[in-house]
Amino acid sequence: MTDSSKDRVYIFDTTLRDGEQSPGATMTHAEKLEIAQLLDEMGVDIIEAGFPIASEGDFRAVSEISKRSQNAVICGLARANLRDIDRCWEAVKHARQPRIHTFIGTSPLHRAIPNLDKDQMAERIHETVTHARNLCDNVQWSPMDATRTEWDYLARTVEIAIKAGATTVNIPDTVGYTAPAESAELIRRLINEVPGADEIIFATHCHNDLGMATANSLAAVDGGARQIECTINGLGERAGNTALEEVVMAMKVRGDIMPYTTRVDTTKLMNISRRVATVSGFAVQFNKAIVGKNAFAHESGIHQDGMLKNAETFEIMRPEDVGLAETNIVMGKHSGRAALRSKLKDLGYELADNQLNDVFVRFKWPTARRRSMTKTSSRWPPPMPPRMKTALSSNRCASSAAPRGHNQPP
Ligand code: KIV
Ligand code: ZN
């Protein structure tokens, strides 16, 4: 299937708003501008640049990002009151394509906070979305905690927002409570049952409290959502938001069952992931999908042997597709002769089989005690215990066809 025959999914990045809200992830003004520029260059469709009323710093950052961005729609967040919306507009109005995103919590728990009954809240939604739409022709509305809102009330409020002029309706799973089948069904039902729903874009905004944010977002797309809200490295409140790199690569790699396309240049993913990790101070876990240190690294002998013969045996993506130069063959205690031979060849050493056996034993000894060996390890080769030295000197004379133990890696 070609990209042009696939449905377009818009990527809405909220690293600078929901991501920056994570405790301890505060970024400086200059860092926010840098990340916004990287997002814009990477092909993100909408950048949620901040919450303008929250602080003077947020207002300045959203205004400046609005002035600088070349391609993306620039969005600011506002609660459901006129002051917030006006302040948001003041910040985003400089953008080539501005968007106001206004929200209110619609679930029973969230309705209790402003102490509004259902009718009063419905009236507030009508008033605030209408006000936003009078300022800006691109308005997004979110019923916060949508996935714990009664179906009838959710459908009613979505209809009100559409009638008041919302061009995108976002369905947040604010507390990471939903599951994939439910996420798809909710969007499908809204599109089928709410009058006017076919004229706007539905978005999905998932949190990762149960580790299902990526699956829930992709399921929502299956149900008809055409905007995914996400962050770099999955940064965000509590367990974070849907990770941008995961949904984008999932749709790219599994285009056969998810026939959707985005504008994201995936070769820029690794760089932006590293920059966000640095400026937010939130390190990326080693085994994080797509951008983790180990996502394209192999240490076990069987995997390394397979990789050296055909990379597709153990990798479903090419490292260069996400901006990595190459797969990392890590030499460690699980590595085998094939990988060692290849590593040595890269370093300019072509060894006969008996020499390789010799080096292999020397290599295995320290790696059993260290996590891994690299060219840069400080003391190479490390000292060996006397018993092993004796074993080695007899091995030195062994024939090149020295038998392998049955449980030795290839
Ligand atoms: O998680 C959430 O509900 C939000 C809204 C403000 C969209 O971040
Ligand atoms: Zn959120």
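Each remark here, short or long, concerns the structure printed above.
Bear in mind the structure is a predicted one, so any value in this text is a computation, not a measurement.

Looking only at helices and strands, the protein chain has 15 helices and 12 strands in total. By the burial criterion, 44% of the 410 residues in the protein chain qualify as buried. Restricting the contact set of the protein chain to residue pairs at least 6 apart, pairs at least 24 apart contribute 72%.

One non-glycine residue with positive phi stands out, namely N115, at about 60°. Assessed through the 7 C-beta atoms surrounding it within 10 Å, N115 is described here as exposed. Residue D145 is not a glycine yet carries a positive backbone phi of 65°. Residue class for D145 comes out buried when judged on the 22 C-beta atoms lying within 10 Å of it.

The next thing to look at is the sheet that holds strand β8 (residues 201-206). Strand order in the closed barrel made by the eight strands is β2-β3-β4-β5-β6-β7-β8-β9, with parallel pairing throughout. For this sheet the average axis-to-axis angle between neighbouring strands, irrespective of direction, equals 25°. Of the strand pairs in this sheet, strand β2 (residues 10-13) and strand β3 (residues 46-50) are connected by two bridges, and their pairing is parallel. Considered in β3, the bridge of D13 is made with I47. Running over the sheet, helix α3 (residues 56-68) touches β3, β4 (73-79) and β5 (98-105) and is turned about 150° from β3.

Turning next to the site of ligand 1. Residues in contact with ligand 1, as listed here, are D18, F103, S142, M144, N170, P172, T174, H205 and H207. Of all elements in the fold, only β6 (139-144) and β7 (168-173) reach the threshold of two or more residues within the shell around ligand 1. Counted by class, the shell around ligand 1 contains three nonpolar, five polar and one charged residues.

Let us look at the nonpolar core. In this structure, I11, I47, A49, I74, A161 and V169 are the most contacted members of the largest nonpolar core, which totals 90 residues. Among all residues touching A161, those that are not within four sequence positions of it are I125, V129, W141, A166 and V169. Of all hydrophobic cores here, the second largest spans eight residues; its members include M307, I329, A339 and L340.

What follows deals with helix α6 (residues 118-135). The first and last C-alpha atoms of α6 sit 26 Å apart over 18 residues, in line with the 26 Å expected at 1.5 Å per residue. When α6 is considered as a whole, its buried residues turn out to be M121, I125, T128, V129, H131, A132 and R133.

Counting along an α-helix, one turn takes 3.6 residues, and residues three or four places apart therefore face a common direction. When you tally the buried positions in helix α10 (residues 244-253), you get eight out of 10 residues, the bulk of the element. For α10, the set of buried residues is L244, E245, E246, V247, V248, M249, A250 and M251. Buried residues along α10 sit in contact with β2, α9 (213-222), β9 (227-230), β10 (260-261) and α11 (269-280).

The next thing to look at is the environment of Q227. Checked against the element boundaries, Q227 lands in strand β9. Under the C-beta neighbour-count criterion, Q227 is labelled buried, with 24 such atoms within 10 Å. Residues Q227 and F202, spaced 25 residues apart in sequence, show a C-alpha to C-alpha distance of 6.4 Å. Not counting residues up to four positions away in its chain, the partners in contact with Q227 are Y10, F12, T168, I201 and A203.

On to the packing of α9 against α10, then. The contact between α9 and α10 brings their axes to 10 Å, and the two run at 50°. On the basis of their axis angle, the class for α9 and α10 is oblique. Relative to α10, α9 is oriented so that their crossing is right-handed. Of the residues in α10, those touching α9 at T214, S217 and L218 are E246, V247 and A250. Here the contact of α9 with α10 is built from residues that sort into three nonpolar, two polar and one charged.

Moving on, we get to the environment of H101. Structurally, the position occupied by H101 is in strand β5. When the C-alpha positions of H101 and V139 are compared, they lie 5.9 Å apart, and in sequence the two are 38 residues distant.

In this structure, β2 lies alongside β9, joined through four bridges in parallel fashion. Residue I11 lies in a different strand from β9, and its bridge partner there is I228.

Reading the values: rules and limits
- Residues numbered from 1 in each chain as written.
- Chains lettered and ligands numbered in written order.
- Predicted model: local features only at pLDDT ≥ 70, side-chain atom pairs only at ≥ 80, totals over all residues.
- Helix = DSSP H or I, 4+ residues; strand = E, 2+ residues; numbered from the N terminus.
- Buried ≥ 20, exposed ≤ 12 C-beta atoms within 10 Å, placed from the backbone.
- Contact = placed C-beta atoms within 7 Å.
- Pairing = 2+ DSSP bridges.
- Axes fitted to C-alpha atoms, helices over the stretch in contact; angles between N-to-C directions.
- Near = placed C-beta within 6 Å.
- Nonpolar A, V, L, I, M, F, W, Y, C, P; charged D, E, K, R; others polar.
- Core = buried A, V, L, I, M, F, W, Y, C linked by C-beta atoms within 7 Å.
- Expected span 1.5 Å × (residues − 1).
- Parallel < 35°, antiparallel > 145°, perpendicular 65-115°, else oblique.
- Left-handed = near helix turned anticlockwise from the far one by under 90°.

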